[in-house]
Each structure stands twice: as C-alpha cells, then as structure tokens.
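What the coordinates show
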Amino acid sequence: MRIIAGKHRGRALVSFRGDHIRPTPDRVKESLFQILSLKITGARVLDLFAGSGALGLECLSRGAGEVIFNDSSRESISVLEKNLRLAGENARVYNLDFRTCLNRAEGRFDLILCDPPYQENYLKEILDTISARDLLNEGGIVVYESEREESGAEGWSLADRRRYGRTNITMWQL
C-alpha cells in the first residue's frame, strides 16, 4: 500500500495484519483520484471510515487544504497515526462511530470519503445525515465504496459509478 501521486508519491504506508481488513487497491485509488483530480486542491475532506488513512493521505499528498480522519476502530487509529507521522502530516483524527462523527462535524466539506466494511449498507443513512446537517459544499461529492450497488437517498444524484472487480465506487451530489 502506497501513496500514488503528489508530494508524498511512492511513500509506503503501514498496513494492517490479517485478512479481515480490505484496503482500497492501488489501481482503484489511481482511477478514483484521476476522476477527482480537479476537486482536491484546497479541498476540505472528511475520511469517514479512514482505516489506515490511505485515501485521506492521498488527498493531502495531492494538495487538499484539510483532511479530517475518522474511524471507530482503535487499531485503525493507531495505524493511521503512524502513517500521518511517516508522511509528516498533521490532521484531526477522531475515534468515533460514523454516525457520531457526522452528527458532531462542523462546517462543510468538498469531499466526503466513505469506505465502510463491505458487509454494511450505510449509504442512504450517510447521505440523509449529510443533507440534513448541510455538510456538503455546493458542487461537493460523496464517494462511497462498497461491494454491491446500493440505492442513494432522496435529493441526491448519482454523479459517477465505476466497478473494479468486487469494488463498486459511486459518487453522489446534491
């Protein structure tokens, strides 16, 4: 697992041990960030299910103005903090359930990254909370990674959908 582009290009990241974790493959990250390239510079980003922090760190490497990291797993937070230190980056890191994080979030975001465990189906709940709390800037995008296609929520439009093997990426806008 590594950072693909930007100021930290090629930097190897600490990853998890075991088979229970599913990091986003580099080829999926590369494709995703090619699509998002014009939206990242200066962006305010929320990495809601941060895991190792690979997606949020990719944003920082590519010039995001701020990335806020969140994960409910203490093990994930430990790996994420090691990766932030390796990259020499400072960021706010929260160890909260995604619902609590969204309900406590302050301000608006340009990009919200959601990579929950594949067996879960949180898309509609996440989109409903983001719109109810007005957490997305005009033109902002919610990126949702899952194993299966899921329906969005009322008021949201599907901006893009890509399939990479078992990984399904959808991008949503208000």
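Here goes a summary of the coordinates provided. (Residues numbered from 1 in each chain as written. Predicted model: local features only at pLDDT ≥ 70, side-chain atom pairs only at ≥ 80, totals over all residues. Heavy atoms only, no water.)

**Section: the overall build of the protein chain**
Looking only at helices and strands, the protein chain has five helices and seven strands in total. Along the chain direction, N to C, the helices and strands of the protein chain fall in the order α-β-α-β-α-β-α-β-α-β-β-β. Expected size for 174 residues packed as a compact globule is a radius of gyration near 16 Å; at 15 Å, the protein chain falls within 12% of this value. Dimensions along the principal axes, computed over C-alpha positions, put the protein chain at roughly 40 × 35 × 30 Å. (Helix = DSSP H or I, 4+ residues; strand = E, 2+ residues; numbered from the N terminus. Rg over C-alpha atoms; globule rule 2.2 N^0.38 Å.)

**Things to note about the nonpolar core**
If you look at soluble globular proteins, the nonpolar side chains tend to sit buried side by side. Judged by nonpolar contacts, the single largest core of 29 residues is most densely connected at L36, V45, L57, C59, F69, L111 and V143. Elements with a minimum of two residues in this core: α1 (26-40), α2 (54-61), β2 (66-70), α3 (74-87), β4 (109-114), β5 (136-146) and β7 (167-173). If you look at the next biggest cluster of nonpolar residues, it comprises 24 residues, including A105, L123, L127 and W156. (Core = buried A, V, L, I, M, F, W, Y, C linked by side-chain atoms within 4.5 Å. Buried < 20%, exposed > 50% of the residue type's maximum accessible area, 1.4 Å probe, protein only.)

**So, empty space enclosed by the protein**
Summed over all chains, the structure comprises one cavity of 30 Å³ or more. One number sums up the size of the largest cavity: a volume of about 30 Å³. Along the walls of the largest cavity sit L32, L55, L113, C114, D115, V143, E145 and I169, which together make up its complete lining. At the level of elements, β4 and β5 are the ones that each hand at least two residues to the lining of the largest cavity. For the lining of the largest cavity, the class distribution of residues is six nonpolar, no polar and two charged. (1 Å grid on protein atoms, 1.4 Å probe; cavity = no way out; pocket = protein on both sides within 12 Å on 5 of 7 lines; lining within 4 Å. Points joined across faces, edges and corners; volume = space filled by probe spheres on them. Nonpolar A, V, L, I, M, F, W, Y, C, P; charged D, E, K, R; others polar.)

**Points about the packing of aromatic side chains**
Each pair of aromatic rings is reported with the distance of its centres and the angle of its planes. For the coordinates displayed, the defined rule picks out three aromatic pairs. Taking 4.4 Å as the distance between ring centres and 40° as the angle between the ring planes, the aromatic pair formed by F98 and Y122 counts as tilted. Placement of the pair is F98 in helix α4 (residues 98-104) and Y122 in the loop between β4 and α5 (123-132), with a sequence separation of 24 residues. When sorted by exposure, F98 lands in the same class as Y122, which is buried. These aromatic residues form a ring-pair network of at least three members: F49, F98 and Y122. A cation over a ring is seen here: R44 above F109, with NZ or CZ 4.3 Å from the ring centre. (Phe/Tyr/Trp six-rings, centres within 6.5 Å; stacked < 30°, edge-to-face > 60°. Lys NZ or Arg CZ within 6 Å of the ring centre and 35° of its normal.)

**What to know about the layout of surface pockets**
Considering only enclosed or pocket space, the second largest pocket measures out at about 160 Å³ in volume. Surrounding the second largest pocket, R44, L46, I68, R92, Y94, L96, C101, R104, A105, E106 and F109 form its lining. Residues that form the lining of the second largest pocket fall into these classes: seven nonpolar, no polar and four charged.

**Observations regarding α1**
Taking 1.5 Å of rise per residue, the 15 residues of α1 would be expected to cover 21 Å, yet its terminal C-alpha atoms sit only 18 Å apart, more than 12% below that figure. Q34 marks where α1 bends most, by close to 45°. When α1 is considered as a whole, its buried residues turn out to be V28, K29, S31, L32, F33, L36 and I40. Packing partners of the buried residues in α1 comprise α2, β4, β5, β6 (157-164) and β7. Phi turns positive one or two residues past the end of α1, at G42, with a value near 75°. (Expected span 1.5 Å × (residues − 1). Bend = angle between axes of the 7 residues up to and from the residue. Contact = heavy atoms within 4.5 Å.)

**What to know about the packing of α1 against α2**
At their nearest, the axes of α1 and α2 sit 11 Å apart, and the two run at 45° to each other. Our classification of the angle between α1 and α2 gives oblique. Our pair here, α1 against α2, has a crossing hand that is right-handed. The segment α1 lies against α2, with K29, F33 and I40 engaging A54, L55, E58 and C59. A per-class count over the contact of α1 with α2 returns five nonpolar, no polar and two charged. (Axes fitted to C-alpha atoms, helices over the stretch in contact; angles between N-to-C directions. Parallel < 35°, antiparallel > 145°, perpendicular 65-115°, else oblique. Left-handed = near helix turned anticlockwise from the far one by under 90°.)

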